[in-house]
Amino acid sequence: MSLTVSQAKDELYALQKKLSAYEHAMGVIYYDGSTTAPKGTAENRAQSLSVLSEEVYKYSTSENTVELLEFLDSNKDELNEKEKRMVYLLLKDLREMKKIPMEEYIEYEQLLVLADDVWHKAKEESNFELFCPYLEKIFEFNKKFAKYVEPEKDPYEYCLSKYEEGLTKATLDEFFKKLRDSIVPLLKRISEVEQVDDSIRHGFFAEKDQEAFSYFLMEAIGLDLDHVGLSTTEHPFTTSLGSHLDERITTHYFEDDFACSMYSVIHEGGHALYDTGSARDLAFTVLDGGTSMSIHESQSRFYENIIGRSKPFCEYIFPYLCKFFPEQMKGRTAEELYKAVNKAEPSLIRTEADEVTYSLHVMIRYELEKRVMAGEIEVKDLPKEWNRMYKEYLGIDVPDDKHGVLQDSHWSGGLVGYFPSYALGNAYGAQFLDKMKKTVDVDKCVAEGNLKPINDWNRENIWVHGSLYTPQQILDRVLGEKFNADYYIEYLNNKCKDVYGL
């Protein structure tokens, strides 16, 4: 290569800036489609994304790009830590992309746009048959891509590794068994005592008032509203548009239950805190944003549950609830709020599930994905198997597809292998909390409505690094010990002891 290493470094940053610009454009199109776009516009978005994805494919795998990255890789001794990681991640993606035929890559991107549009309609009509052909193609593409990229690897483990590097079925089987063996007996003990009254969260809460409350919550947890926007969608999500300098979160308002949106906003806000906490010099590079989805979920679930459902937070937030919803909160107390938002009982919807049962929802999805990817069941069998497992693990009957197999948007977006990240994130978060408490008085900070020391700890230990380190390296650096799900189990038991007196 005729460039010097110094010149090649400049080209490296230029490459990433251009890729970031493409991602920005594609992200805006996706975000628009999931929030405000008219229902009949999916074909238009699919066309635009097919053109953009083809450009990304060609640019990412071009001879010049390959030559640049291989040259830098061969001169890695002259690169700093961040540059080495950039080259590694770009080469990893490049080598993977080159193994996937361009026409199939483009076809898959088009499929996901159409699948998302059909999923919205299918969920609205509670009609899995409408969505089934698209989901069959999504699973088949994931199987094909796995064989193209890592033919020696189990196809589902290839999918899992996209969201948590090195994650295996054996690790998850052991992890979920440990949770199941602890959670099922805990649920049984809860069912034998007096149940919590959660009527405080039910009534009529106008959407406009919930929206105003949402912006208050965003500021309360420390989000910078100059860089984080809020919109509504069918299934809440968070996305970065080009870089961590433009973060968008979404929620869904239910006028008969303010807590649904409240915790969606705090959950998605946790994702946004992580992304916007990346070091400024990581913007427009592949190191911008979180290192894995399990670490990401550790942050979103940390703020949603460990902070948001804690007694100090409920006591802090209650006067503001009275301000936004004065009639509904008349005669109510912070203690009622605390118990209501920590009520543990089997339910249909994952995103509304309590902390105790939540991981069972995730485990069901993991088992179903694993079996589809292994060819043990077909996509058309998913509703029947979903309903059977909800009865087996949670003891509840699923009334229809809308409240069952169609409730999540993940499969329509091609996110096969993502779901376990939620349960791992729960467990990571509990272990992070134990470490944080050694230097931060977490309860005092939350009670005072001052999350800055908590955010500073997360920023210094996790957020600022972006994707510089692997998930395992983050765990090693922060914890100084091996990952241990016992911290999460102990956390759940302590919460239930406080709420139910167990």
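Remember, it's a predicted structure, so these values are computed and weren't measured experimentally.

Engineer: Would you explain the packing of helix H16 (residues 420–436) against helix H19 (residues 471–479) in this entry?
Structural biologist: A pair of packed helices can be characterised by two numbers: the angle between their axes and the separation between those axes. Between H16 and H19, the least distance of the axes is 10 Å, while the angle of their chain directions is 25°. On the basis of their axis angle, the class for H16 and H19 is roughly parallel. Relative to H19, the crossing made by H16 is left-handed. When H16 is examined against H19, the residues Tyr428, Gln431, Phe432 and Lys435 are found in contact with a partner set consisting of Leu475, Val478 and Leu479. When its residues are assigned to classes, the contact of H16 with H19 shows 5 nonpolar, 1 polar and 1 charged.

Engineer: Looking at this structure, I do not really get a negative patch on the surface. What am I missing?
Structural biologist: Taken together, Glu207, Glu211, Glu255 and Asp256 make up a surface patch of like negative charges. In this fold, Asp256 is placed in the loop between strand S3 (247–251) and helix H10 (258–276).

Engineer: What am I meant to see in the nonpolar core here?
Structural biologist: Buried together is how nonpolar side chains tend to be arranged in soluble globular proteins. Ranked by internal contacts, the top residues of the largest apolar core, which has 164 residues, are Ile317, Leu382 and Ile454. If we skip the residues at most four places from it in the chain, Ile454 touches Phe302, Tyr303, Ile307, Met436, Val440, Val442, Cys445 and Val446.

Engineer: Any chance you could explain the side chain of Thr35 here in plain terms?
Structural biologist: Its place among the elements puts Thr35 in the loop between helix H1 (5–34) and helix H2 (42–60). Apart from residues lying up to four places away in sequence, Thr35 is in contact with Ser231, Thr232, Thr233 and Thr250.

Engineer: So what exactly am I meant to see when it comes to the environment of Asp354 here?
Structural biologist: The topology assignment puts Asp354 in the loop between helix H13 (334–340) and helix H14 (355–373). According to the relative accessible area criterion, Asp354 is buried, its value standing at 6%. In the structure, Asp354 is positioned 12 residues away from Asn342 in sequence and 6.4 Å away in space, judged by C-alpha atoms. Of note is the side chain of Asp354, whose polar atom sits 3.1 Å from the backbone nitrogen of Glu345.

Engineer: Sorry, what's going on with unusual backbone geometry here?
Structural biologist: Across residues other than glycine, the phi torsion is negative in most instances, and most of the peptide bonds are trans. A positive phi angle, near 50°, is found at Ser126, a position not held by glycine. Examined against the element boundaries, Ser126 turns out to sit in the loop between helix H5 (102–125) and helix H6 (128–149). By relative accessible area, Ser126 is classed as partly exposed at 23%. You will see that Phe284, though not glycine, has its phi angle at about 65°, which is positive. Among the secondary structure elements, Phe284 is positioned in the loop between H10 and helix H11 (293–307).

Engineer: Would you take a moment to explain helix H20 (residues 486–500) for this structure?
Structural biologist: Note on helix geometry: an α-helix contains 3.6 residues per turn, so any two residues three or four positions apart are oriented the same way. With 15 residues, H20 extends 21 Å from end C-alpha to end C-alpha; this agrees with the ideal 21 Å at 1.5 Å per step. When H20 is considered as a whole, its buried residues turn out to be Tyr488, Ile489, Tyr491, Leu492, Lys495, Cys496, Val499 and Tyr500. On an axial view of H20, the arc spanned by its buried residues comes to 160°, and they lie on one face. Each element contacted by the buried residues of H20 is listed here: helix H8 (169–191), H11, H13, H14 and H16.

Engineer: Teacher, can you tell me more about helix H7 (residues 155–163) here?
Structural biologist: Counting buried residues in H7 gives 8 out of 9 residues, a clear majority hidden from the surface. Listing the buried residues of H7 in full gives Pro155, Tyr156, Glu157, Tyr158, Cys159, Leu160, Ser161 and Tyr163. Here the buried face of H7 lies against helix H4 (81–99), H6, H8, H11, H14 and H16. Two or three places before Tyr156, at the start of H7, stands the capping residue Asp154, its side-chain oxygen 2.8 Å from that residue's backbone nitrogen.

Engineer: Just checking my understanding: could you explain the pattern of salt bridges for this structure?
Structural biologist: Close approach of charged atoms allows side chains of opposite charge to pair. One pass over the structure, following the stated rule, counts 39 salt bridges. Notably, a salt bridge pairs Asp246 with Arg248, separated by 2.6 Å at the nearest N-O pair. Owing to a relative accessible area of 24%, Arg248 belongs among the partly exposed residues under this scheme. Among the ionic pairs, Glu345 bridges to Lys343, the shortest N-O distance being 3.7 Å. Classification of Glu345 by relative accessible area gives partly exposed; the value is 36%. Taken together, the shared-partner salt bridges in this structure form one network comprising Arg371, Glu385, Arg388 and Glu392.

Engineer: Sorry, what's going on with the sheet that holds strand S1 (residues 228–232) here?
Structural biologist: Hydrogen bonding along the main chain pairs the strands of a sheet, whether they run parallel or antiparallel. Ordered in space as S1-S3-S2, the 3 strands form an open sheet in which the pairing is mixed. Of all strands in the sheet, those bounded by a partner on one side alone are S1 and strand S2 (238–240). Taking each pair of neighbouring strands and ignoring which way they run, the sheet shows an average axis angle of 20°. Relative to S3, S2 is paired through 3 bridges, and the arrangement is antiparallel. Its bridge partner lying in S3, Thr239 is registered against Arg248. Across the sheet, H10 touches S1, S2 and S3, and the angle it forms with S3 is around 165°.

Engineer: I tried to follow the pairing of S3 on my own but got confused; where do I start?
Structural biologist: Side-chain positions along a regular strand alternate between the two faces of the sheet. With 4 of 5 residues buried, S3 lies mostly within the body of the structure. For S1 and S3, the ladder comprises 5 bridges, and the chain directions are parallel. Opposite Ser231, over in S3, you have Thr250 as the bridge partner. The turn linking S2 back onto S3 is made up of 6 residues, and Gly242 within it adopts a positive phi angle of 90°.

Engineer: Please explain the packing of aromatic side chains as it appears in this structure.
Structural biologist: Each aromatic ring pair is described using two quantities: the centre-to-centre distance and the angle formed by the ring planes. Scanning the entire structure with this criterion turns up 32 aromatic pairs. Each ring, one from Phe302 and one from Tyr303, has its centre 5.3 Å from the other, and the planes form 70°; the classification is edge-to-face. An angle of 50° between the planes, with centres 5.4 Å apart, marks the rings of Tyr316 and Tyr320 as tilted. One end of the pair, Tyr316, and the other, Tyr320, are both in helix H12 (residues 311–324), 4 residues apart, so they sit about a helical turn from each other. What makes Tyr320 partly exposed here is its relative accessible area of 29%.

About the thresholds
Residues numbered from 1 in each chain as written. Predicted model: local features only at pLDDT ≥ 70, side-chain atom pairs only at ≥ 80, totals over all residues. Heavy atoms only, no water. Axes fitted to C-alpha atoms, helices over the stretch in contact; angles between N-to-C directions. Helix = DSSP H or I, 4+ residues; strand = E, 2+ residues; numbered from the N terminus. Parallel < 35°, antiparallel > 145°, perpendicular 65-115°, else oblique. Left-handed = near helix turned anticlockwise from the far one by under 90°. Contact = heavy atoms within 4.5 Å. Nonpolar A, V, L, I, M, F, W, Y, C, P; charged D, E, K, R; others polar. Patch = residues over 30% accessible without salt bridge, like charges linked within 9 Å, V, L, I, M, F, W, Y side chains within 5 Å. Areas by Shrake-Rupley, 256 points an atom, 1.4 Å probe, with all protein chains shown as cover. Salt bridge = Lys/Arg side-chain N within 4 Å of Asp/Glu carboxyl O. Lys, Arg positive; Asp, Glu negative; His and termini not counted. Charge placed at Lys NZ, Arg CZ, Asp CG, Glu CD. Core = buried A, V, L, I, M, F, W, Y, C linked by side-chain atoms within 4.5 Å. Buried < 20%, exposed > 50% of the residue type's maximum accessible area, 1.4 Å probe, protein only. Polar contact = N/O pair within 3.5 Å; in protein donor to acceptor, adjacent residues only side chain to side chain. Expected span 1.5 Å × (residues − 1). Arc of directions from axis to C-beta. Pairing = 2+ DSSP bridges. Phe/Tyr/Trp six-rings, centres within 6.5 Å; stacked < 30°, edge-to-face > 60°.

Everything listed is a geometric property; what it means functionally is a separate question.
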